[in-house]
Structure formats: structure tokens, C-alpha cells
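Structure at a glance
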Amino acid sequence: LLQVVRFLAARVHLGRATMRASQKDFDNAVKQVKLLKEDPGNEVKVKLYALYKQATEGSCNVPKPGVFDFINKVKWDAWNALGSLPKETARQNYVDLVSSLIPSSEASSRGEPGTQEKLLASEDVVVTSEDGITKIVFNRPTKKNAITTQMYQEITQALKTASKDNSAMTVFTGNGDYYSSGNDLTNFTSTPSGNIEEFAKRGADILRDFVDTFIDFPKPLVAVVNGPAVGISVTTLGLFDVVYASDKATFHTPFSHLGQTPEACSSYTFPKIMGPAKANEMLIFGKKLTAGEAYAQGLVTEVFPDSTLQKEVWARLKAYAKLPPNAMRISKSLIKSSSEREKLHAVNAEECTTLQARWLSEECIGAVTSFMSRKAKL
Ligand SMILES: CCCCC/C=C/CC(=O)SCCNC(=O)CCNC(=O)[C@H](O)C(C)(C)COP(=O)(O)OP(=O)(O)OC[C@H]1O[C@@H](n2cnc3c(N)ncnc32)[C@H](O)[C@@H]1OP(=O)(O)O
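Per an unreviewed UniProt entry, the chain is named Enoyl-CoA delta isomerase 2, and its organism is Jaculus jaculus. Quoted verbatim from the Sequence similarities (unreviewed entry) field of the UniProt record, the comment on the chain reads "In the C-terminal section; belongs to the enoyl-CoA hydratase/isomerase family." Heading Pathway (unreviewed entry) of the UniProt record for the chain holds this comment: "Lipid metabolism; fatty acid beta-oxidation."

Structure, rendered in C-alpha cells:
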């Protein structure tokens, strides 16, 4: 048992630089332990006890129990074995250990492995979890999966939940012929008071939260781009880890046409991914890319024939979802380091402030009015 505890402590030291559990995460984990449907067994309970004590009180500071006080001695040994492990690290390891217990406790109430569980009751954003994959689907096919204000908020919430659920990765895709036609242009006119300034302020806040959640998402984030993508559904791809696309997909960022400017950190990620020359043509002149071009420019990981996309991609993702989840998360956090995330948050804030002003410009209002009055289509 001592060896296990020491191993655990060492593992935690290794992960310390890349993981942070807040006090709230820890408090939630403490509550979750009480709700576990299956007894995790004595060995795990002792580990939990030791980590809890270390996280709340620091190093073991009580006298060793007598040799015949078996239970308290085992607990003391486990706590003492954590040595001078920092409280913060013990807290993180406690949270990790609890989250590793949740799948087994929940699986029994979910039925057989492979059973799809619907996690969010919404018509327009459907979230399911199956085979270690949380899937978030744009589901407004009759509107080409245009993203309403409510959908931004639902997706933000779905991502926050997915970051803590027991899945290994999260995958976005669209239902129907489009991946997404981007921002729903009726968002501009659907504020309760019809006041565009109110929309601009609220829209910028919602957008900033939405993009921040992508920046901070800790697990592999994959897009399966099943068809054309427009606007924000393209720019967010720069924040994904892997992008698979149908050969029918196109990638279009017509910001200037709409009197708008880039968002989702694309003013930073696109030049970084494809070089400034190609990024400028997309983001300033609104050049639409084919799937092949997006692949050549590094925005897309791999292109599949539309007829085989679903079969090939999901088989591959299911296999990836079986890889050790902590290793994948830690690799991701090395690739997207904390300094990089800090930079992305700053870019996001600046883009949102810029857009807030743009949405009030004649250029933008004119473009949205033209679309609404059916005079313009991309
Ligand atoms: C919180 C706020 C955050 C804001 C973040 C900002 C993001 C910026 C962007 O995303 S910019 C991109 C905005 N998107 C567009 O400009 C696309 C507009 N749509 C089109 O140009 C065309 O609809 C099309 C090229 C995508 C598809 O054309 P097609 O002829 O194939 O289909 P229809 O036009 O008949 O579309 C079917 C119905 O869907 C409605 N629709 C499609 N896209 C949008 C959209 N983005 N917003 C609102 N509605 C959209 C279209 O109006 C049709 O509806 P109808 O059947 O009721 O007529």
C-alpha cells in the first residue's frame, strides 16, 4: 500500500506543472465520493483519505497510532507516505482519483458499454456520450446549422461539462449537409428590445466566454467537418487539435463582406497555421477554401471522401478514445502551453472588443439587412 501511495505521490509531482484543480473542483469531488454508487474498496478509500488529509491539513502531523490500532495505523501510514507533497498537488490528485471512480459507478446505471447517453436536452445542440467520446452536434439542418445566441451558450456549457466528464475526447460535427453556416445573422435583430447596442455588448460577452472555453478545453478536441463551414465555425477550427473533413466541405470566412472582423483567435491562429500570406487572403478578402486547399494549408488534418467519412473517422476516433486519457491531456497541455493560452485569451478579448464596435458599423448593419431582405447570400 505504501508503494502505491508513494507512486501516486510521484505521479502527482510529475503532473503538477500541467494540471490545476480549484478549491471548487475539490469540494465537488468530496461530494461526489459520498454519492458513489459502488464501494471503491479499502485500498482506494485509504488513498482518498490520505490525499484528503494532505490537501486540507498538509503533511501528516499527528502521532503514529499504536501497533494494535490497525485501521488508524493503515490510514496514518498512507498519509505519512505523502511526505511533503504540496496541498495543491494532493487536491489535484484527489480530484483525478475521484473522477477515475465515476465511470465505473455510473456505468452500472447506464447499461451496456456503447450505449449512447444523451447529456443535454436541446433541439439545436445535441450532446451525447458514447465509447469515451462526447459528441456535440450542430443540429439546425434547415438553417444550415447557423448558430443562435442560445446555441453559443449551450455549447459553452456543454464544453465545460465535457471537460470534466469521463470521456477521453470531444468531437464536434454538424447534422445535415452543412457543418455550420456560422453566426445566425438573425441574432443581430433578436435581442429582446431590438436594440443593436444591447446585442453588441451582450454578444461580445457571450462570444468571449464561448471562445475562452475552447482555449481552455483540456482534452483532445476534434472536428468532423461534414460539409461547408462559414464564419465562426471555420475560425474556431484553429483552436481544435485535429480536424477531419469531407471532400465536400468548404471553408469560408467572409468577414469583410459582412463588415466584420475575425474572431475565435483566428487573427492569431490562422497566420500561425498557414502563414500570413494565405491567412490574409482568407480573413481579409474572404477567399473560400476547398477541403483540399484547407488540408494543404494545415487547417485540416485529413480529407475523406464524403461517402466514407463517417465510417472511417468514427472507427479511428473510437480507437483513439481508448488511449490513456491522462497522457493525452498532458500532451495537449504541453502543446498548448499556459503561455500560449494566455496569449490566446488576450487575442480573444481584443477581437471581441473590435467586433462589438464593428457590429454597430454601417457596413455590418447594411450586410445583415441585405441578407435578411434576401438581397444577399454568400
Ligand atoms: C454571440 C454572437 C457571436 C457572433 C460571432 C460572429 C461570427 C461571424 C460569422 O460567423 S460570419 C458568417 C455568418 N454567416 C453567413 O453570413 C452565412 C449566411 N448564409 C448564406 O449566405 C446562405 O444561407 C448559405 C450560403 C450558407 C446557404 O445558401 P443556400 O442557398 O444553400 O441555403 P439558404 O440560404 O436557402 O439557407 C437555408 C435557410 O437557412 C437560413 N440560414 C442559413 N445561414 C444562415 C445564417 N448564418 N444566419 C441565419 N439564417 C441562415 C437561410 O436564411 C434559410 O432560411 P429560410 O429557409 O427560412 O429562408
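Comments concerning the overall build of the chain
Secondary structure summary: the chain contains 15 helices and ten strands in total. Sequence separation of at least 24 residues holds for 74% of the intrachain contacts in the chain that already meet a minimum separation of 6.

Section: the side chain of Glu263
Relative to the assigned elements, Glu263 resides in the loop between β8 (250-252) and α9 (266-274). It is Arg358 that comes nearest to the buried, bridge-free Glu263 among opposite-charge side chains, at 12 Å. When near neighbours in sequence (up to four residues on either side) are disregarded, Glu263 contacts Leu207, Gly231, Ile232, Thr235, Phe255, Glu351 and Leu355.

Structural notes on the packing of α9 against helix α14 (residues 338-358)
Two numbers describe how α9 lies on α14: the axes approach to 9 Å, and their chain directions differ by 125°. By the angle class used here, α9 and α14 are oblique. For the pair α9 and α14, the contacting residues are Ser266, Ser267, Tyr268, Thr269 and Lys272 in the first and Glu340, Lys343, Leu344, Val347 and Glu351 in the second. Grouping the constituent residues of the contact of α9 with α14 by class yields three nonpolar, three polar and four charged.

Here's the deal with the pairing of strand β7 (residues 242-246)
Across the five residues that make up β7, a large majority, four, are buried. With four bridges joining them, strand β5 (residues 221-225) and β7 adopt parallel strand pairing. Note on β7: the bridge partner recorded for Val222 is Val242.

Focus: the environment of Thr148
Assignment of secondary structure puts Thr148 in the loop between β3 (133-138) and α6 (149-164). A C-alpha to C-alpha distance of 8.3 Å links Thr148 and Leu185, two positions 37 residues apart in sequence. Apart from the residues within four sequence positions on either side, Thr148 is in contact with Arg140, Asp184 and Asn187.

Quick notes on the nonpolar core
The nonpolar side chains of a soluble globular protein tend to be buried, and buried together. Counting residues in hydrophobic clusters, the biggest one holds 58 residues, and the most contacted among them are Phe172, Val225 and Phe251. Excluding anything up to four places from it in sequence, Phe172 contacts Ile136, Phe138, Ile155, Leu159, Tyr179, Phe214, Leu221, Val222, Ala223, Val224 and Phe240. Core analysis: the second largest hydrophobic core is formed by 23 residues, Phe26, Trp76, Ala78 and Ala90 among them.

Remarks on the packing of α9 against helix α10 (residues 276-283)
As a packed pair, α9 and α10 sit with axes 7 Å apart at the nearest point and diverge in direction by 135°. By the angle class used here, α9 and α10 are oblique. Crossing of α9 over α10 shows right-handed handedness. Contacts between α9 and α10 involve Ser266, Ser267, Phe270, Pro271 and Met274 on the former and, on the latter, Pro276, Lys278, Ala279, Met282 and Leu283. Here the contact of α9 with α10 is composed, by residue class, of seven nonpolar, two polar and one charged.

A few points about the side chain of Arg91
By secondary structure assignment, the location of Arg91 is in helix α5 (residues 87-110). Glu88 provides the closest opposite charge to the buried, salt-bridge-free Arg91, at an N-O distance of 4.8 Å. Leaving out residues up to four positions away in the same chain, Arg91 has contacts with Ala21, Ser22, Gln23, Phe26 and Ala55.

Regarding the pattern of salt bridges
Should their charged atoms come close, side chains of opposite charge can pair. Across all of its chains, the model carries 14 salt bridges by this definition. Here Asp306 ties to Lys248 by a salt bridge, and the two come within 3.7 Å at their closest N and O atoms. Separated by 58 residues along the polypeptide, Asp306 in the loop between β10 (302-304) and α12 (309-320) and Lys248 in the loop between β7 and β8 bring together distant segments of the chain. By relative accessible area, Asp306 is classed as partly exposed at 29%. Note on Lys248: relative accessible area 57%, which makes it exposed. Put simply, Glu340 and Lys272 hold a salt bridge, and the shortest N to O gap is 2.7 Å. Of the two residues, Glu340 is situated in helix α14 and Lys272 in helix α9; the sequence distance between them amounts to 68 residues. On the basis of relative accessible area, Glu340 is assigned to the buried category, the value being 17%. Overall, the relative accessible area of 53% leaves Lys272 in the exposed class. By sharing partners, the salt bridges in this structure join Lys201, Asp205 and Arg208 into a single network.

About the thresholds
- Residues numbered from 1 in each chain as written.
- Predicted model: local features only at pLDDT ≥ 70, side-chain atom pairs only at ≥ 80, totals over all residues.
- Heavy atoms only, no water.
- UniProt positions renumbered as here; feature names shortened; annotations may be inferred.
- Helix = DSSP H or I, 4+ residues; strand = E, 2+ residues; numbered from the N terminus.
- Contact = heavy atoms within 4.5 Å.
- Buried < 20%, exposed > 50% of the residue type's maximum accessible area, 1.4 Å probe, protein only.
- Lys, Arg positive; Asp, Glu negative; His and termini not counted.
- Salt bridge = Lys/Arg side-chain N within 4 Å of Asp/Glu carboxyl O.
- Axes fitted to C-alpha atoms, helices over the stretch in contact; angles between N-to-C directions.
- Parallel < 35°, antiparallel > 145°, perpendicular 65-115°, else oblique.
- Nonpolar A, V, L, I, M, F, W, Y, C, P; charged D, E, K, R; others polar.
- Pairing = 2+ DSSP bridges.
- Core = buried A, V, L, I, M, F, W, Y, C linked by side-chain atoms within 4.5 Å.
- Left-handed = near helix turned anticlockwise from the far one by under 90°.

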